[in-house]
Number of protein chains: 2
Amino acid sequence: MMSIGAFSKISNVTTKTLRYYDEIGLLKPVYVNINNNYRYYDVSQLKTVLLISKLKLYGFSLEEIAAVIQTPCDNGALLMLIKQKRQSIFQQIKHFEHVLSRLNEEIKNLERGIHLMSYLDEINVQLIETQPKNILSIRKRINVADYGLHIRALFSDIEKANLTPVGAPMSIFHDEAYDPENYDIEIAVPVKENTGQTRTLSGNLCAMVTLKGPYNNLPSVYARLQEWVEANGYQITSPFYEIYLTDPGQTPPEENITEVYLPVAKR
Amino acid sequence: MMSIGAFSKISNVTTKTLRYYDEIGLLKPVYVNINNNYRYYDVSQLKTVLLISKLKLYGFSLEEIAAVIQTPCDNGALLMLIKQKRQSIFQQIKHFEHVLSRLNEEIKNLERGIHLMSYLDEINVQLIETQPKNILSIRKRINVADYGLHIRALFSDIEKANLTPVGAPMSIFHDEAYDPENYDIEIAVPVKENTGQTRTLSGNLCAMVTLKGPYNNLPSVYARLQEWVEANGYQITSPFYEIYLTDPGQTPPEENITEVYLPVAKR
DNA sequence: ACTTGACTTTCCCCCTACCGGAAGGCGTAT
DNA sequence: ATACGCCTTCCGGTAGGGGGAAAGTCAAGT
């Protein structure tokens, strides 16, 4: 039996940590002097502390370790846990490798004097004059997860009304900010005919960006558009919209093509 | 300008986080209503928040990010920082790969029904009768980092006294527990002659383990010895000692061979 | 004008796995 | 006796927020 300091030295675990393990009930000293509360450990506890260190290395939380120690014979559950840890370690390696490759690109760029956020500058803003379009649209607050439902409903409306679609579907955003769960959105499809059900989306001067890639790059696109509008002395005149040139249901995210239109005028 | 909730949605950063960034001065809202303290953000701040998210992904602390943001033009310092991060990510990948390979071995073992700590059972304990040895030794409290110094001093003593070394150097441990910085240790070398300077290390029944590998595996060896002694009904009779069959200065850690002797008797 | 529901504020505690240090008691070698 | 080292508990802190309460605010619908 030895004092906490001695046990700390042979186990390579600090006294602070041993006291903490005592406190949370993970590893109680084998004997505690009632007079002075000195903790005393036994060499046999070395095995436990080695197990704790090993499981910690494997990414177990102390809570999980406690569970393992308290049920020492349940190899099945332990095996499951360890396989989970392997999976999570594997994920982390993948993640870090991805980060590493991006860091390497970043370093290459920086060495050429290209700043971190300069990829925004490479998002190409075009100033174009759009033509008026006839559109059939439904406007409501939706959860964007249900976008597919609404667009299918819209296409079935088009069929019923015997209209002819002449362009890719689009969304017109009537809220200032993006709220994926409750969003005032106008889902529209350009059609050839001009009936009582359709409306005209007026032609306009627009700052436009073509995004090739997943939708989660859209914040970058909007950051860039905002920057461009300010830098070039424009202001936003009406709700912006996106046109989806590819069907996200049929296209891998990396191949998606989206056009973002921001109606503007000179300040 | 938009509320914190709106900005949170377009930037994919929770309101909690945005408030925290405000609190630590990392990203202050562009305007705060004096009456109700509502925070308002501008689209132009999207760029900053994208930068923050990017640097966070790269492993920067918020403090480092704040430094980067406050000195936006110092590319040299940024490059250094990023290279550091790359290095640290690289280290982490190495580390995780090591853990992963050990986890895989562990899983293989568990599937064969071999328990996590069973490697201890494979540490082979032998019960042997040692022969008495003449040794020349110095006993004192030392820092084990200076072990080399003391062993050289001992060898020079041997030379001066015209003695003949007949075995590998050894340490006899008079403290119960290992304290690397202040350790009551007897450094000894077996010698042929028996003079007034030498003493006899008596022959004894010993539990002995041969360790092949780095010294940091010694805790496992002692755990195993302790276990063995208890399981087989022995008790420890006198200070234990180690014999260093290889010179750690000349041998890579993985190749080191150490014998650990624990003098025992039947209980 | 009133209600309702969504949004915002501050405030406080919680998380992990400990580390640092202070104040005070205990042990032992000189 | 005294000094030094070890032990105890207690308090506070870490990084990056999360959870939730209590209270104020806003906009829309009735």
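What counts and how
Residues numbered from 1 in each chain as written. Chains lettered and ligands numbered in written order. Predicted model: local features only at pLDDT ≥ 70, side-chain atom pairs only at ≥ 80, totals over all residues. Heavy atoms only, no water. Least-squares fit on C-alpha atoms with pLDDT ≥ 70 in both. Contact = heavy atoms within 4.5 Å. Helix = DSSP H or I, 4+ residues; strand = E, 2+ residues; numbered from the N terminus. Buried < 20%, exposed > 50% of the residue type's maximum accessible area, 1.4 Å probe, protein only. Domains from an automatic or database assignment. Near = heavy atom within 4 Å. Polar contact = N/O pair within 3.5 Å; in protein donor to acceptor, adjacent residues only side chain to side chain. Nonpolar A, V, L, I, M, F, W, Y, C, P; charged D, E, K, R; others polar. Pairing = 2+ DSSP bridges. Buried area = accessible area lost by both parts, 1.4 Å probe. Salt bridge = Lys/Arg side-chain N within 4 Å of Asp/Glu carboxyl O.

Caption draft 1: Quick look at the relation of the copies chain A and chain B. Superposition of chain A onto chain B requires a rotation of 179° combined with a translation of 0.1 Å along the rotation axis, giving an RMSD of 0.3 Å. Overall, the copies show the geometry of a two-fold rotation axis. Of every C-alpha in chain A, the one belonging to Ile93(A) sits nearest the axis of rotation, 2.8 Å from it. Taken as a fraction of all interface residues of chain A, those also at the interface in chain B reach 100%, which identifies the copy contact as same-surface.

Caption draft 2: How the structure looks around the environment of His174(A). All names here are of chain A. With respect to the element layout, histidine 174 can be found in the loop between strand S6 (170-173) and strand S7 (183-190). When its relative accessible area of 25% is taken as the criterion, histidine 174 is described as partly exposed. Through-space distance from the C-alpha of histidine 174 to that of isoleucine 107 is 40 Å; in sequence the pair is 67 residues apart. Those residues in contact with histidine 174, other than ones at most four positions away along the chain, are Arg139, Asp184, Glu186 and Pro239.

Caption draft 3: Representation of the domain arrangement of chain A in the model. Looking at the assigned domains, one finds that chain A contains domain 1 (2-72), domain 2 (86-114) and domain 3 (126-266). Each of domain 2 of chain A and domain 3 of chain A has a C-alpha centre, and these two points are 34 Å apart.

Caption draft 4: Structural context of the protein's contact with DNA strand C. Taken together, 18 residues lie near DNA strand C, and Lys16(A), Ser3(B), Gly5(B), Arg19(B) and Arg39(B) sit nearest. Among the atoms of DNA strand C lying within 4 Å of the protein, the sugar-phosphate backbone contributes 69%. Take Gly5(B): an N or O atom from its main chain is 2.6 Å from a phosphate oxygen of DNA strand C. Of all the elements in the fold, those that place two or more residues in the surface near DNA strand C are helix H2 (15-23) of chain A together with helix H1 (4-11) of chain B. With four residues, H2(A) is the largest single contributor of residues to the surface near DNA strand C. Looking at side-chain class alone, the surface near DNA strand C contains six nonpolar, eight polar and four charged residues.

Caption draft 5: Quick look at the protein's contact with DNA strand D. Within the structure, DNA strand D sits among 18 residues, and Gly5(A), Arg19(A), Arg39(A), Lys16(B) and Tyr38(B) are positioned closest to it. In DNA strand D, the atoms that sit within 4 Å of the protein are 72% sugar and phosphate, with bases accounting for the remainder. Thr14(B) places a polar side-chain atom, nitrogen or oxygen, 3.2 Å from a phosphate oxygen of DNA strand D. The separation between a phosphate oxygen of DNA strand D and a polar side-chain atom of Thr17(B) is 3.5 Å.

Caption draft 6: A look at the sheet that holds strand S1 (residues 2-3) of chain B. Strand order across the open sheet formed by three strands is S1-S3-S2 (chain B), with antiparallel pairing between neighbours. Single-partner strands in this sheet number two, and they are S1 and strand S2 (31-32) of chain B.

Caption draft 7: Layout of the interface of chain A and chain B. Residue-level contacts link 59 residues of chain A with 59 residues of chain B. Counting each side, the surface lost to burial between chain A and chain B is near 5600 Å², with a carbon and sulfur contribution of 72%. Between the two partners, chain A and chain B, sit six salt bridges. Between Lys54(B) and Glu106(A) there is a salt bridge; the shortest N-O distance is 3.4 Å. Connecting chain A to chain B are ten residue pairs in polar contact (both at pLDDT 80 or more). Mapped onto the side of chain A that touches chain B, the elements with two or more residues apiece are helix H1 (4-11), helix H3 (45-57), helix H5 (75-111) and helix H7 (218-231) of chain A. Looking at the side of chain A that touches chain B element by element, the count peaks at 23 residues for H5(A).

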